[in-house]
Every structure is written in structure tokens, then in C-alpha cells.
Amino acid sequence: MVRYPRVFKCRNGRAVAVRPLSADDLHPLCEFFAQLPDEDRLHLRVDVSQRDLVERRMQPPPYWNVLRLVALDADRIVAEASIEHRTYGFESHVGEVRLIVATDFRRTGLAHYLVRQILAHGITEDLERIEVHLMHDQPAVIHFFEKLGFEKEGLLQGFVKDIQGNYHDLLIMSLPT
Amino acid sequence: MGGYPKAVVLGDGTEVLIRPMEEDDLEASHRFFLALPPEDRYFLRINVCNLEDVRIRMVQADAREHWRLAALCGEEIIGDATLYQARYGWMRHTAEIRCIVAREYQGRGLGSILLNELFQEATRRKIERLYGKVIPEQHAALRILEGLGFRRELTLRDRRRTLDGAEHDVIVMTISIRALWRRLEDLMQTMDGRGRERH
């Protein structure tokens with residue numbers, strides 16, 4: 001069992017505290033999302049400019065197991081990473097990873113560190129297939145996950161509609177186990 | 001909401017009632033699943049022999065996300081159909097369809113009637129794309145969806161693990177709602193509907 005908070009020294013010189021998201025984090029989480037560039041918000045699954053959606057997304061759905069980690073630079077959330085899976089049924093061995101990092105903490109090693117943390121959690125949960133779902137027009141993110149060993153499995157055309165109403169292809173990548 | 005409960009008559013004269021699934025249907029739903037032949041149960045996504053799994057499925061049936069219909073003959077459930085649409089997020093314009101029909105009612109038009117109800121609801125909800133998840137060995141389901149114009153768009157390796165521990169690929173089959181209705185109109189012109197709504 002991993003004990004939190006853990007401290008990670010980023011390559012930008014900042015030491016961030018990593019711990020599970022708590023119910024008290026709504027405000028800093030909304031601040032984090034508000035500071036993301038518009039283009040980043042467009043690529044997210046929910047409209048994080050809406051506080052009620054951010055709040056709802058903090059609650060795991062019934063019968064799902066979710067570990068949501070945040071990285072804090074002092075009181076400021078600078079990244080969020082999560083892994084989630086069903087707790088019942090014949091797809092409970094499938095986990096999905098999500099990751100969002102503030103622009104000034106990219107290429108600092110933090111994203112790798114967070115993904116390693118949540119993958120380690122996935123192993124303790126006996127997950128055997130790890131997926132990431134993202135819009136196809138995110139080459140930097142795709143490259144990041146490929147470097148971690150994820151492989152492209154395929155596209156679902158037009159399966160993503162962003163908050164401006166534009167359609168994108170959904171790419172599903174998975175980590176072979 | 002489609003005027004439920006809805007009485008329909010299958011091509012062979014069997015009278016069937018279609019209505020939204022209710023939490024009180026748990027035991028009838030469990031009986032329905034237990035009566036399925038093992039090969040029909042094998043590829044479902046939960047262990048339907050386990051009442052707790054069936055119960056979880058039932059309580060998850062949030063009317064906004066899981067729109068679930070039961071087909072009944074008398075007191076017994078003979079068909080179960082679900083339209084799943086995420087309540088919020090980037091895939092809200094899509095929905096998944098699921099449909100299971102008791103073995104003795106397969107090939108009698110009930111599946112088509114239930115699917116048509118799902119398609120009507122999807123249209124009412126302004127869904128733009130539909131998808132179904134099928135295991136490659138589910139030949140009948142593949143044939144039905146392909147006949148409706150769904151195409152195999154993505155195969156997810158080893159995504160479904162069955163009760164015996166075997167892992168199976170999952171094929172995601174998709175269609176746009178517009179293409180689906182065009183296809184259904186084409187089919188209507190070439191075949192008689194086997195189920196008629198009773199007025």
C-alpha cells in the first residue's frame with residue numbers, strides 16, 4: 001500500500017506533493033482547470049469550466065474503483081492523474097488512465113511519475129489491461145503514451161464532440177501486459 | 001416516452017408487452033438470465049447467474065443513462081434491451097445498444113421490435129452515432145448488426161474475460177443514426193415487418 005503524500009522533485013526545480021484528490025479540493029481543482037489553455041480544455045472529456053461537472057466528476061460512479069491523484073505545488077494543483085475500473089463484471093480487469101498536466105509542469109518528469117504511480121496502483125488492483133482514450137489530434141500526448149509502451153488499438157470516427165461542437169476521432173491505446 | 005407499456009403482437013400471434021425495466025423486475029430478470037442457454041450467457045458482460053451482479057446492473061439503470069426495456073410474455077421477461085448514453089462528456093452524442101432475447105423467442109421478430117424501440121429513443125434523444133460491442137464468436141449478433149448497416153470499426157484485444165478465465169476480443173460496431181434510418185427504410189421496402197403494433 002503506497003503512503004501519500006509523496007514528494008516528487010520536478011525537472012523545473014519544484015518539489016510537488018502527490019496525494020489522492022480529496023473532497024476539499026474542488027476549488028483548487030477548478031482553478032487548475034481554469035488555468036489550462038483553451039485548446040487543452042477542448043481535449044478534455046467533460047466541460048471543466050462548469051463547476052458542477054467538476055464536482056460530479058470527483059465522485060466515483062457506483063461500483064467503480066477510482067484512484068485520482070493530484071500534484072500540488074504549495075496549494076496549487078498542477079496535475080491530475082487517475083485510473084479507474086469497474087468492480088464487477090467481466091471487464092473489471094480493464095483500467096483506464098487519464099492525465100492532465102499544467103503547461104508549466106510539462107516535460108518536467110511529473111507526468112511520467114504520476115502515470116507510474118497509477119499503473120503501480122493498477123497492478124495492486126489486479127488490472128490486466130490498461131487503456132487510455134484520447135482525441136486522435138493530440139500527437140504529443142500520443143507520443144507520451146507510446147514512450148510508456150502503450151500501443152494504438154484503433155479509432156472510432158467522430159466519437160468525440162468537443163465543447164465547441166466539433167467532431168474528433170477517438171483513439172484507444174492500450175498497454176500490453 | 002414512446003407510450004409504454006406497449007402491447008405488440010409477434011408474427012406468430014404471440015402477445016408481448018414492452019415497458020421500461022423496473023427495480024421490482026430483479027427476480028424476473030434473474031430468472032430470464034438463468035433460463036438462457038449457457039452459450040448465450042457466456043459472452044455477456046456480467047455473470048448473470050449471480051443475483052448480486054444482476055442487482056448491480058438493475059440499480060445502475062439510471063433512466064438518464066441506461067434506458068432499459070423489458071419485453072414480457074405474461075409475468076415472464078423474454079427480452080431485455082438497453083440504450084446507454086453517458087449523461088455528460090465528450091461522447092454524449094453517442095449511445096450503446098444492447099439486446100438479449102430468450103432463446104425460444106429468437107427469430108420471431110422480438111429482437112427487431114426491441115431494437116426499433118431503442119432506435120426510436122436514440123432519435124428522440126438526438127443521438128448521432130450508435131455502437132454495439134460484440135465478441136467475434138457472437139455470430140448471430142454480428143450478422144444482425146451488419147444487416148442493419150453497422151460496421152466493424154475497432155477491435156479491442158482481450159477485453160472481455162469470461163467466467164472460465166478465457167479472454168476475448170471485443171469488436172466495436174458503429175453506425176450513424178442517419179445511415180441507420182436510411183438502411184431501415186431500405187429494409188422496410190424489401191420485407192414485411194414481422195411485428196405489428198396493436199392499436
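What you see is a predicted model; the values in this text were computed from it and never measured. Numbers given to residues run from 1 along each chain, matching the order in which its sequence is written. To read the labels, note that chains go from A and ligands from 1, taken in the order they are written. Totals for whole chains, interfaces and linings use every residue, but because this is a predicted model, local features are given only for residues with pLDDT of at least 70 and side-chain atom pairs only at 80 or more, for both listing and counting.

**Remarks on the nonpolar core**
What tends to happen in soluble globular proteins is that the nonpolar side chains get buried as a cluster. A set of buried residues drawn from Ala, Val, Leu, Ile, Met, Phe, Trp, Tyr and Cys, joined through C-beta atoms within 7 Å, is what defines a nonpolar core. Each residue is classed by its C-beta neighbour count within 10 Å, where at least 20 other C-beta atoms makes it buried, 12 or fewer makes it exposed, and intermediate counts make it partly exposed; the C-beta atoms are placed from backbone geometry. Grouped together as the largest cluster of nonpolar side chains are 91 residues, with contacts concentrated most on A:Ala79, A:Leu114, B:Ala71 and B:Leu114. A run of DSSP states H or I qualifies as a helix once it reaches four residues; a run of E qualifies as a strand once it reaches two. Both are numbered from the N-terminal end. Here the element with the most residues in this core is helix H4 (residues 110-124) of chain B; it accounts for seven residues. Ignoring sequence-local partners within four residues, the contact set of B:Ala71 consists of B:Val16, B:Ile18, B:Ile77, B:Ile78, B:Gly79, B:Leu110 and B:Leu114. Contacts are defined on C-beta atoms placed from the backbone: any two residues whose C-beta positions lie within 7 Å are in contact.

**A look at the packing of helix H1 (residues 26-35) of chain A against helix H3 (residues 51-58) of chain A**
Residues and elements named next belong to chain A. Angles run from 0 to 180 degrees between N-to-C directions of axes, and those axes are lines fitted to C-alpha atoms, restricted for helices to the stretch in contact. The N-to-C vectors of H1 and H3 enclose an angle of 120°; their axes lie 10 Å apart at closest approach. In this view, H1 runs oblique relative to H3, as classed from their interaxial angle. Crossing handedness for the pair H1 and H3: right-handed. Along its contact with H1, which presents Leu26, Leu29, Cys30 and Phe33, the element H3 presents Arg51, Val54, Glu55 and Met58. The residue inventory of the contact of H1 with H3, partitioned by class, reads six nonpolar, no polar and two charged. Roughly parallel means an angle under 35 degrees; roughly antiparallel, over 145; roughly perpendicular, 65 to 115; everything else is oblique. Handedness of a helix crossing follows the sense of rotation of the near helix relative to the far helix, less than a right angle counterclockwise being left-handed and clockwise being right-handed. Residue polarity is assigned by list, with Asp, Glu, Lys and Arg as charged and Ala, Val, Leu, Ile, Met, Phe, Trp, Tyr, Cys and Pro as nonpolar; anything else, Gly included, falls into the polar class.

**A word on the interface of chain A and chain B**
Opposite the 23 residues of chain A that make contact, chain B presents 24 residues. Ranked by residue count, the leading element in the side of chain A that touches chain B is strand S7 (residues 151-161) of chain A, at nine residues. When the residues that make up the side of chain A that touches chain B are grouped by side-chain class, the tally is 12 nonpolar, five polar and six charged.

**So, unusual backbone geometry**
Cis peptide bonds are those with omega within 30 degrees of zero, and the linkage from A:Tyr4 to A:Pro5 qualifies with 5°. Note that A:Pro5 resides in the segment before strand S1 (6-9). Omega for the peptide link from B:Tyr4 to B:Pro5 comes to 0°, which places this bond in the cis form. Relative to the elements of secondary structure, B:Pro5 occurs in the segment before strand S1 (6-9). Notably, A:Arg107 is not glycine yet its phi reads approximately 55°, a positive angle. Its place among the elements puts A:Arg107 in the loop between strand S5 (94-101) and helix H4 (110-124). Although it is not a glycine, A:Asp126 sits at a positive phi angle of roughly 65°. Summarising the element assignment, A:Asp126 is placed in the loop between H4 and strand S6 (129-135). A tally of 10 C-beta atoms within 10 Å means that A:Asp126 is categorised as exposed.

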